[in-house]
Amino acid sequence: MGPTTIASAYDVPTIAESLDFINLMTYDFHGAWEKQTGHNTPLSVRPSETGKWRFFNLESSVSTWLSLGAPAHKLVLGLPTYGRTFTLADVTSTGLDAPSTGGGKAGRYTQQQGILGYYEICSTIGDWDMFFDENVAAPWAVKGNQWIGFDDAESITIKSKWGKSLGLGGAMIWSLETDDFRNICGQGSFPLLSAINKVWRQGNPELPTITSRPQNVTHISTLQTTIRTSSTQHLKTPTTPPTHPITFDPTSESVTNRPVQISTSPSYSTTEHPEITTISNSGCTKEGYFALPQDCSMFYFCGNSENAWIRYNFHCPTGLYFNPSVLACDWPYNVPSCQ
């Protein structure tokens, strides 16, 4: 969302006066809906970016909200625990803005093209080619025609330090279950959330060493327009951002709306707990979310635990039906099978 859209959509001073904090969804700046690769959460603009693209980064988003009157201490920086993936159109073009044909291959657990959880990424990229851009302040990895842009504990630390230097109120993540909560990659449980915690609660920690990364990383310093290879321990942090918000002219740039990304996780009321059906009569034969034919307002999830199926029943919020085409609770008119 660019400055023009933010300025026209929100009465920021009024919102800020009424709310205790404002969570900024500063991720999904780029994804498989585009025709070229782009990082999920760039810190700042790259010299090659022009037009509306120069606004698709953390610095622009946060500066816009500050310029429009939001107090820094009420802004909460959004950081992702997942990456955006692409399938390259040309395997010899592997950088940012490389032509792509769509999203990357679906992960074993997230099961959606164009997106991978961090635990899927860190357990996969050991033999991939890896790159790090100082303006983006985050890595991407490439193997064959598969391209993954993501954040790890180091890039999360860099961005958290940047947000804290501006006096922001804190950070939030999307989402808890895509961090490496089982310590698959040997960085400790919840390495990304822990990195955020260290910055906001413990001051100024050193950049962590990511042992699950490839040994060498191609380091792209677009500030000096040079490329060099270095070990991960010597990646350079971006320059300190300005302490004052960047001013802008909302009429100077036309910013089109980005397509809405639909989550694969169905919505359900947090006040209603799932009903667990016993294993013997679960009726499950494969893992996933499914509609309940006799009740459009319900759906269920089948999971396998120790070679036994368990079924969890869920209720959609009042007035919504489960839509099997998007795996989410939806307006009834979008669910023809329930008409």
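First things first, this report covers the structure right here in the doc. Just so you know, these numbers come straight off a predicted model, no measurement behind them.

### A short note on the layout of surface pockets
Here is step 1 of the chain: Here the second largest pocket defines a volume of roughly 230 Å³.
Here is step 2 of the chain: For the lining of the second largest pocket, the secondary-structure elements that each account for two or more residues are α4 (118–122) and β8 (146–149).
Here is step 3 of the chain: Here the lining of the second largest pocket takes 3 residues from β8, the largest share from any one element.
Here is step 4 of the chain: For the lining of the second largest pocket, the class distribution of residues is 8 nonpolar, 5 polar and 3 charged.

### Things to note about the environment of Trp-140
Here is step 1 of the chain: Checked against the element boundaries, Trp-140 lands in strand β7 (residues 138–143).
Here is step 2 of the chain: Given a relative accessible area of 1%, Trp-140 falls into the buried group.
Here is step 3 of the chain: Note: C-alpha distance between Trp-140 and Leu-96 (44 residues apart in sequence) is 8.8 Å.
Here is step 4 of the chain: Polar side-chain contacts of Trp-140 include one of 3.1 Å to the backbone oxygen of Thr-94.

### As for the state of the cysteines
Here is step 1 of the chain: One pass over the structure, following the stated rule, counts 4 disulfides.
Here is step 2 of the chain: Disulfide pairing places Cys-296 opposite Cys-338 at an S-S distance of 1.9 Å. The sign of the S-S torsion, about -100°, decides the handedness of the disulfide formed by Cys-296 and Cys-338: left-handed. Of the two residues, Cys-296 sits in the loop between β13 (288–291) and β14 (298–305) while Cys-338 sits in the segment after β17 (328–330), which places them 42 residues apart along the sequence.
Here is step 3 of the chain: The side chain of Cys-316 participates in a disulfide bridge whose partner is Cys-329; the two sulfur atoms lie 2.1 Å from each other. In this structure the cystine formed by Cys-316 and Cys-329 twists about its S-S bond by roughly -85°; its chirality is therefore left-handed.

### Topic: the side chain of His-30
Here is step 1 of the chain: Along the chain, His-30 turns up in the loop between β1 (22–24) and α3 (58–67).
Here is step 2 of the chain: Judged by its relative accessible area of 7%, His-30 falls in the buried class.
Here is step 3 of the chain: A polar contact is formed between the side chain of His-30 and the side chain of Glu-34, at a distance of 3.1 Å.

### Quick look at the sheet that holds strand β9 (residues 170–174)
Here is step 1 of the chain: As summarised here, the arrangement of the 3 strands in space is β1-β2-β9, forming an open sheet in which the pairing is parallel. In the strand order of this sheet, the two ends are held by β1 and β9, each with one partner. With strand direction ignored, the average angle separating the axes of adjacent strands in the sheet is 35°.
Here is step 2 of the chain: Relative to β9, strand β2 (residues 75–80) is paired through 5 bridges, and the arrangement is parallel. Counted as the bridge partner of Pro-80 is Trp-174 from β9.
Here is step 3 of the chain: With respect to the sheet, α3 is in contact with β1 and β2, its orientation differing from that of β2 by roughly 160°.

Cut-offs and rules
Counting restarts for each chain: residues are numbered from 1 in the order of the written sequence. Note on the predicted model: pLDDT of at least 70 is required for a residue's local features to be given, and 80 or more for side-chain atom pairs to be given and counted; whole-chain, interface and lining totals, by contrast, use all residues. Computation of side-chain values covers all heavy atoms of the structure but excludes hydrogens and water. Each cavity reported here is a set of points on a 1 Å grid over the protein atoms alone in which a 1.4 Å probe fits but cannot get out, each pocket an open set with protein on both sides within 12 Å along at least five of seven lines, and each lining residue one with an atom within 4 Å of a point. Grid points are joined across faces, edges and corners, and a volume is the space filled by probe spheres set on the points. The helix count covers DSSP runs of H or I at least four residues long, the strand count covers runs of E at least two residues long, and both are numbered beginning at the N terminus. Residues are sorted three ways: Asp, Glu, Lys and Arg are charged, Ala, Val, Leu, Ile, Met, Phe, Trp, Tyr, Cys and Pro are nonpolar, and all the rest, Gly among them, are polar. Relative accessibility thresholds used throughout: buried, under 20% of the residue-type maximum; exposed, over 50%; partly exposed, between the two (1.4 Å probe, protein chains only). Pairs of N or O atoms within 3.5 Å make up the polar contacts considered here, provided that, within protein, one atom can donate a hydrogen while the other can accept it, and that residues adjacent in sequence are counted only when both atoms are side-chain atoms. Throughout, disulfides are identified as pairs of cysteine sulfur atoms within 2.5 Å of each other. Strand pairing requires that DSSP identify at least two bridges connecting the strands. Working convention: axes come from line fits to C-alpha atoms, limited for helices to the stretch in contact. Angles between N-to-C directions cover 0 to 180 degrees. By definition in these notes, contact holds between two residues if any of their heavy atoms fall within 4.5 Å.

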